[in-house]
Amino acid sequence: ASLCCSCASQSPVPGETTSVINGKKSSFSEVVAASMKTAMQDERCKSELIVMKVPEKNNDTEVVDLLCTKIGFKMKPTATERLGKKTAGRPRPMKVAFKPPFDARAFAAKLEEQKWQGEDDFRGIHCRPCRTHSEQATYIRMKVHLNKLNENARARGRDTESYSLR
């Protein structure tokens, strides 16, 4: 999303200027509040994961606690929430929040490690960082583009050349 800002006009409140952001007049305090809200949301998203294909039970917190125990992860999540509408035969994605962002990354790494060790309990379960719809769409577009770059590098015989998305 692009941000267009023009601070040429005066606000009706004495001593406060207005800005034009995306075609809408806003006061300086509104601009600061909006940027702070975005920064806080970004920080919160670093501590959250989306875990998919976890069977639905009555208490999702117990399910995640059991999952943490099975993978040998000592930290417990602060919140769990199912996303979307409930449909028969398909578990909804689950948003799992941890207090520090490090715990979220460590949980995801530990889960991936257990999957690679061939544990059947974790075969279909996978997780990704929490992203907004637009961030997820951008991530998918970039992932497709990087796959094409890697395929082109292999086709040119450059086995040492590799691109990744972080």
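Draft legend 1. Highlighting the side chain of Arg-82. Along the chain, Arg-82 turns up in strand β5 (residues 79-82). For Arg-82, a relative accessible area of 10% puts it in the buried group. Of note is the side chain of Arg-82, whose polar atom sits 3.0 Å from the backbone oxygen of Pro-55. For Arg-82, the contacting residues outside a window of four places in its chain are Val-54, Pro-55, Glu-56, Asp-60, Pro-91, Arg-92, Pro-93 and Met-94.

Draft legend 2. Spotlight on unusual backbone geometry. With a phi close to 65°, Lys-53 is a non-glycine residue in the positive phi region. Assignment of secondary structure puts Lys-53 in the loop between β4 (48-52) and α2 (60-71).

Draft legend 3. Representation of the nonpolar core within the structure. The biggest cluster of nonpolar side chains holds 18 residues, and the ones touching the most others in it are Val-51, Phe-98 and Phe-107. Contributions of two or more residues to this core are made by β4, α2, β6 (94-97) and α3 (101-116). The leading source of residues in this core is α2, at 5 residues. Residue contacts for Val-51: discarding those within four places in its chain leaves Pro-93, Met-94, Val-96, Phe-107, Ile-125, His-126 and Cys-127.

Draft legend 4. How the structure looks around the sheet that holds β5. Taken in spatial order, the 4 strands of this open sheet run β5-β6-β4-β7, and their pairing is antiparallel. Edge strands, defined here as strands with exactly one partner in the open sheet, are β5 and β7 (126-129). Between one strand axis and the next, the sheet turns through 25° on average, direction left out of account. Alignment of β4 against β7, held across 4 bridges, turns out to be antiparallel. Looking at the pairing, Ile-50 lines up with Arg-128 of β7. Sheet strands touched by α3: β4 and β7. Its angle to β4, the strand with the most contacts, is close to 25°.

Draft legend 5. View of the packing of α2 against α3. It is the contact of α2 with α3, at a shortest axis distance of 10 Å, that shows an interaxial angle of 60°. For the crossing formed where α2 meets α3, the hand is left-handed. Contact with α2, carried on its side by Leu-67, Cys-68 and Ile-71, involves Phe-107, Lys-110, Leu-111 and Gln-114 of α3 and no other residues of that element.

Calculation rules
Residues numbered from 1 in each chain as written. Predicted model: local features only at pLDDT ≥ 70, side-chain atom pairs only at ≥ 80, totals over all residues. Heavy atoms only, no water. Helix = DSSP H or I, 4+ residues; strand = E, 2+ residues; numbered from the N terminus. Buried < 20%, exposed > 50% of the residue type's maximum accessible area, 1.4 Å probe, protein only. Polar contact = N/O pair within 3.5 Å; in protein donor to acceptor, adjacent residues only side chain to side chain. Contact = heavy atoms within 4.5 Å. Core = buried A, V, L, I, M, F, W, Y, C linked by side-chain atoms within 4.5 Å. Pairing = 2+ DSSP bridges. Axes fitted to C-alpha atoms, helices over the stretch in contact; angles between N-to-C directions. Left-handed = near helix turned anticlockwise from the far one by under 90°.

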